[in-house]
Amino acid sequence: MLKDGTFTGKTAFITGGGTGLGKGMATTLSRLGAQVVITSRKLDVLKGTAEEIEKATGNKVLAVAADVRNPDAVKAAVDECVEHFGLPNIVINNAAGNFISPTERLTSNGWKAVTDIVLNGTAFVSLELGRRMIEANQGGVFLAITTIYAMSGSGFVTPSAAAKAGVEALAKSLASEWGRYGIRYNCIQPGPIRTKGAFSRLDPTGQWSEKMLDVLPTGRLGEVQELANLVAYMVSDYSSWMTGEVVKLDGGEYYSRAGSFNELRDVTKEQWDMLAQMIKSTKGS
Ligand code: HXC
Ligand code: NAP
């Protein structure tokens, strides 16, 4: 979609960049010329992904292990990025933890496992990199991957919903506060896109994604590349006036679930003829 070389001379720092959606974003930015740092807990996974992307794009990808829940580990990962590529211009907070569970079954550790990764992890990465960008008078663009239930809330994934809502508040706050330093901060809310990490924890039986096909007006799940295309635009200079924004990329899921009469899509043509007759016959009453 974007011109070749859109990100030449730029460095992108992507949390959770070794798998799933993060891997797709890393590949796309690398293909468009960026030097990419991917970071998460599992160094072997990161190294495999880095090698694969470098082979496909010819651009450097650095794998750095860090648990985003640990501010010291985040600092060390940023130090390594700076040593190899300099301060990043693009930061994508994509790492997350999640699993379905009735909320009353969660222990405090279960709650913390998710909220620490999603909210505190995003905060630690944003603070470490934002502070350095401000000191270096460099500017930059942040993006956080949230999801549509950050707006609606959702039972059975309560820690994730609460933390993602927090991430959106953090993004909007920093967009306002750090704009004067040339920093933008936006969010994308993806709908369902099949990845091993997400679907093994949210849809272990496959029933949820099956039902989802009836809800989505587009009739299918999203694809990793579709998200990566939007990400590339939102971290590029083509979107240089966009900040504090939250963009849905959900195949229509949110509004499809919200509209009171949307389930009428199952009504047949014959049933509509009958309903029209019934409605017309009540005219004037
Ligand atoms: C209840 C659970 C549980 C489950 C873990 N716990 N799984 N409780 N039901 N299914 C509890 C444990 O018992 C423990 O509490 C606490 O959580 C921490 O568990 P650990 O396994 O020690 O945690 P950790 O190794 O840090 O792993 C974190 C994790 C794990 C979040 C639990 O799933 C993970 O590593 N996830 C990373 C990747 C991921 O989740 N990707 C999907 C993102 S998808 P106790 O009290 O027993 O010590 C996503 C999509 C959103 O966000 C939108 C979709 C449309
Ligand atoms: P995924 O492959 O499981 O991605 C999550 C990534 O986060 C993994 O690479 C994981 O790597 C990393 N991570 C987890 N805990 C970490 C920690 N403590 N420190 C550092 N990294 C950590 O799942 P995904 O589907 O691609 O999800 C990516 C993002 O998209 C998440 O923010 C998710 O909420 C969001 N999202 C996904 C969907 C979907 O349908 N797939 C929909 C909406 C939103 P390690 O295990 O190596 O740490």
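How each quantity is defined
- Residues numbered from 1 in each chain as written.
- Chains lettered and ligands numbered in written order.
- Predicted model: local features only at pLDDT ≥ 70, side-chain atom pairs only at ≥ 80, totals over all residues.
- Heavy atoms only, no water.
- Helix = DSSP H or I, 4+ residues; strand = E, 2+ residues; numbered from the N terminus.
- Buried < 20%, exposed > 50% of the residue type's maximum accessible area, 1.4 Å probe, protein only.
- Contact = heavy atoms within 4.5 Å.
- Areas by Shrake-Rupley, 256 points an atom, 1.4 Å probe, with all protein chains shown as cover.
- Lys, Arg positive; Asp, Glu negative; His and termini not counted.
- Charge placed at Lys NZ, Arg CZ, Asp CG, Glu CD.
- Salt bridge = Lys/Arg side-chain N within 4 Å of Asp/Glu carboxyl O.
- Near = heavy atom within 4 Å.
- Polar contact = N/O pair within 3.5 Å; in protein donor to acceptor, adjacent residues only side chain to side chain.
- Pairing = 2+ DSSP bridges.
- Axes fitted to C-alpha atoms, helices over the stretch in contact; angles between N-to-C directions.
- Phe/Tyr/Trp six-rings, centres within 6.5 Å; stacked < 30°, edge-to-face > 60°.
- Patch = residues over 30% accessible without salt bridge, like charges linked within 9 Å, V, L, I, M, F, W, Y side chains within 5 Å.

## Structural notes on the overall build of the chain
Stage number 1. Counting its regular elements, the chain contains 11 helices and 7 strands.
Stage number 2. Dimensions of the chain, computed from C-alpha atoms along their principal axes, come out at roughly 75 × 45 × 40 Å.
Stage number 3. Considering the chain as a whole, with its 285 residues, one finds that 45% of them fall into the buried category.
Stage number 4. Intrachain contacts of the chain at a sequence separation of at least 6 include 74% that bridge at least 24 residues.
Stage number 5. Put simply, the chain shows about 14800 Å² of open surface, and 53% of that area lies on carbon and sulfur atoms.
Stage number 6. Positive and negative side-chain charges in the chain, numbering 30 and 29 respectively, have mean positions lying 1 Å apart.

## Here we look at the pattern of salt bridges
Stage number 1. Scanning the model with the defined rule gives 10 salt bridges in all.
Stage number 2. E52 is the partner of K23 in a salt bridge, and the nearest nitrogen-oxygen pair spans 3.1 Å. Highlighted residues: K23 in helix α1 (residues 20–31) and E52 in helix α2 (residues 43–57), separated in sequence by 29 residues.
Stage number 3. Here the salt bridges share partners, and the residues they tie into one network are K75, D79, E128, R131 and R132.

## What about the site of ligand 1?
Stage number 1. Close to ligand 1 lie 17 residues, the nearest being R41, N98, T107, N109 and R201.
Stage number 2. Take R201: an N or O atom from its side chain is 2.8 Å from an oxygen atom of ligand 1.
Stage number 3. Computed on the free molecule, ligand 1 has an accessible area of 1100 Å², of which 62% lies beneath the protein chains in the complex.
Stage number 4. Residue assignment for the shell around ligand 1 shows that the elements contributing at least two residues are α4 (108–135) and α7 (196–202).

## Let's talk about the sheet that holds strand β1 (residues 11–15)
Within a sheet, adjacent strands bond to each other through the backbone by hydrogen bonds, running parallel or antiparallel.
Stage number 1. With parallel pairing, 7 strands are arranged side by side in an open sheet as β3-β2-β1-β4-β5-β6-β7. Strands with a single pairing partner mark the edges of an open sheet, and in this sheet they are β3 (61–65) and β7 (246–249). Shown here is a sheet whose adjacent strand axes are inclined to one another by a mean of 20°, direction ignored.
Stage number 2. In the sheet, strand β6 (residues 183–190) pairs with β7 via 4 bridges, with the strands oriented parallel. Across the sheet, P190 pairs through a bridge with L249, a residue of β7.
Stage number 3. Against the sheet, α2 contacts β2 (35–40) and β3, and its axis sits at roughly 175° relative to β3.

## Quick word on the packing of aromatic side chains
Stage number 1. In total, this model carries 4 aromatic pairs according to the counting rule given.
Stage number 2. Plain terms: the ring middles of F199 and W208 are 5.9 Å apart, the flat faces sit at 65° to each other, and that makes the pair edge-to-face.
Stage number 3. Centroid distance Y254 to Y255: 5.6 Å. Interplanar angle 80°. Geometry classified as edge-to-face.
Stage number 4. Three or more aromatic residues link up through ring pairs in this structure, and these residues are F142, W178 and Y185.

## Topic: the site of ligand 2
Stage number 1. Around ligand 2 sit 27 residues, and of these T19, S40, R41, K42 and T195 come closest.
Stage number 2. G16 places a main-chain nitrogen or oxygen 3.4 Å from an oxygen atom of ligand 2.
Stage number 3. Backbone polar atom of L21 to an oxygen atom of ligand 2: 2.8 Å apart, as the coordinates give it.
Stage number 4. When isolated, ligand 2 has an accessible area of 880 Å², and the protein chains bury 91% of it.

## Considering a nonpolar patch on the surface
Stage number 1. A cluster of nonpolar side chains, F261, L264 and W272, forms an exposed patch at the surface whose accessible area comes to about 340 Å².
Stage number 2. Within the secondary structure layout, F261 lies in the loop between α10 (253–258) and α11 (269–281).
Stage number 3. A relative accessible area of 66% places F261 in the exposed class.

## Re the environment of V64
Stage number 1. Along the chain, V64 turns up in strand β3.
Stage number 2. Distance from V64 to G17, taken between C-alpha atoms, is 10.0 Å for residues 47 residues apart in sequence.
Stage number 3. Not counting residues up to four positions away in its chain, the partners in contact with V64 are V37, I38, T39, S40, L43, L46, A77 and E80.

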